[in-house]
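Examination of the molecular architecture
As a plain string of letters, each chain reads:
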Amino acid sequence: MAETINIAKMYRELLALRKEILFIKTHMFDPDTIMTTEEEERFARAMNEYKEGKFVPLEDLKKELGL
């Protein structure tokens, strides 16, 4: 025999699903927030070059590229 669908029961189930989805969204791991070892090294080199003044300002680069 088929189960009778109760609107109130469906509503409670939807609310429970919404609560679970919200929990997952707030606790989900974002792999893009972690740098690889190579990325960390490149970032450190770039920051050192920036601090030492060994960089090309964006405006100069745009002029060189004709942008």
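Residue positions are given per chain, counted from 1 along the sequence in the order it is written. Note on the predicted model: pLDDT of at least 70 is required for a residue's local features to be given, and 80 or more for side-chain atom pairs to be given and counted; whole-chain, interface and lining totals, by contrast, use all residues. For the side-chain quantities, the full set of heavy atoms in the structure was used; hydrogens and water were omitted.

**Some thoughts on the packing of aromatic side chains**
- Side-chain rings of Phe, Tyr and Trp (the six-membered ring for Trp) are treated as a pair once their centres are within 6.5 Å; stacked means planes under 30 degrees apart, edge-to-face means over 60, and tilted covers the remaining angles. By the definition in use, this model includes one aromatic pair.
- Arranged with centres 4.9 Å apart and planes meeting at 45 degrees, the rings of Y50 and F55 form a pair that is tilted.
- Residue burial is assigned from relative accessible area. The probe radius is 1.4 Å, only protein chains are included, and a residue is buried under 20% of its type maximum, exposed over 50%, and partly exposed in between. By relative accessible area, which is 40% here, F55 ends up partly exposed.

**Focus on the confidence of the model for the protein chain**
- Note: pLDDT gives the predictor's confidence per residue, expressed from 0 to 100. Of the residues in the protein chain, 97% reach a pLDDT of 70 or more, and the chain-wide mean stands at 89.
- Secondary structure elements follow DSSP: runs of H or I no shorter than four residues count as helices, runs of E no shorter than two count as strands, and numbering proceeds from the N terminus. Mean pLDDT in the protein chain bottoms out at helix α3 (residues 58-65), which sits at 90, and peaks at helix α1 (residues 7-27), which reaches 94.

**A few points about a nonpolar patch on the surface**
- A cluster of nonpolar side chains, namely M35, F43, M47, Y50 and F55, defines an oily patch on the protein surface of about 500 Å² accessible area.
- For Y50, the location among the structural elements is in helix α2 (residues 37-51). Each patch is assembled from residues with relative accessible area greater than 30% and no salt bridge, linking like charges that lie within 9 Å and nonpolar side chains (Val, Leu, Ile, Met, Phe, Trp, Tyr) that lie within 5 Å. Computed with the Shrake-Rupley method and a 1.4 Å probe, the accessible areas treat only the protein chains shown as cover for residues. Salt bridges are defined by distance alone: a side-chain nitrogen of Lys or Arg within 4 Å of a carboxyl oxygen of Asp or Glu.

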